[in-house]
Amino acid sequence: MINEHTKRLKYYRKLIDQYVNYWIPVMGLDSWAELSVDYSYVPCLDAPFALARCQADWQHMTAVLSFYLGTFVAEDISDERTEAVVVHEMCHALLSEISPDCNDGHEERVVTYLTESFLRTKYRERNQRCSSTCGKSSSTNTTS
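Presented here is a report on the structure given in the accompanying data block.

With that settled, the discussion passes to the overall build of the protein chain. Of the regular secondary structure elements, the protein chain holds six helices and three strands. In the protein chain, the succession of α and β elements from N to C terminus is α-β-β-β-α-α-α-α-α. A separation of at least 24 residues holds for 71% of the contacts in the protein chain among residues at least 6 apart in sequence. Looking at the protein chain as shown, the accessible area adds up to about 8300 Å², and 51% of this sits on carbon and sulfur atoms.

Attention now moves to the environment of Leu65. For Leu65, the position within the fold is in strand 3 (residues 62-68). Sequence separation of Leu65 and Gln55 is ten residues, and the distance between their C-alpha atoms is 6.6 Å. Ignoring any residue separated from it by four or fewer positions in sequence, one finds Leu65 in contact with Leu35, Ser36, Val37, Asp38, Arg53, Cys54, Glu89 and Met90.

Here strand 2 (residues 52-57) runs beside strand 3; their pairing, made up of six bridges, is antiparallel. For Ala56, the partnering residue across the bridge sits in strand 3 and is Ala63. Count of turn residues in the strand 2/strand 3 antiparallel hairpin: four residues, of which Met61 carries a positive phi of about 55 degrees.

Oppositely charged side chains are able to pair whenever their charged atoms sit close together. Counted under the stated rule, the structure contains four salt bridges. Notably, a salt bridge pairs Arg8 with Asp76, separated by 3.2 Å at the nearest N-O pair. With Arg8 in helix 1 (residues 4-26) and Asp76 in the loop between helix 2 (69-75) and helix 3 (79-95), this residue pair connects regions lying 68 residues apart in the sequence. By relative accessible area, which is 54% here, Asp76 ends up exposed.

Conventions we followed
- Residues numbered from 1 in each chain as written.
- Predicted model: local features only at pLDDT ≥ 70, side-chain atom pairs only at ≥ 80, totals over all residues.
- Heavy atoms only, no water.
- Helix = DSSP H or I, 4+ residues; strand = E, 2+ residues; numbered from the N terminus.
- Contact = heavy atoms within 4.5 Å.
- Areas by Shrake-Rupley, 256 points an atom, 1.4 Å probe, with all protein chains shown as cover.
- Pairing = 2+ DSSP bridges.
- Salt bridge = Lys/Arg side-chain N within 4 Å of Asp/Glu carboxyl O.
- Buried < 20%, exposed > 50% of the residue type's maximum accessible area, 1.4 Å probe, protein only.

In short, geometric facts, not functional conclusions.
This is the structure in structure tokens:
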């Protein structure tokens with residue numbers, strides 16, 4: 001018998017896959033050589049409260065999006081916030097060429113703003129705002 005925790009892990013994995021598959025062509029990442037998704041059931045060692053991480057190589061146009069499913073379950077992340085996290089990490093891939101060695105917080109602010117812009121555009125027709133799900137970079141709890 002599958003316990004509730006395992007069901008939630010599977011739920012988030014499927015949900016993240018759906019959002020990644022939706023956003024790849026929208027954000028133009030389908031032109032990249034490779035964009036892979038990695039799932040971990042344990043927290044990131046460098047940032048134990050992070051939900052996700054993007055490691056991008058802009059020169060070869062490859063990126064790995066890592067999602068820490070155990071953290072999603074522990075924090076009971078909403079579907080809307082899950083989508084915001086996916087878009088946030090994909091924005092890091094898009095900006096990786098601009099600030100590959102920059103750690104001064106500017107990239108995080110720009111990524112957060114772009115995430116909100118992408119989601120507002122998607123949900124504009126439904127007259128919804130994503131500011132409550134996108135929030136500030138600290139509320140998405142991601143790391144680049």
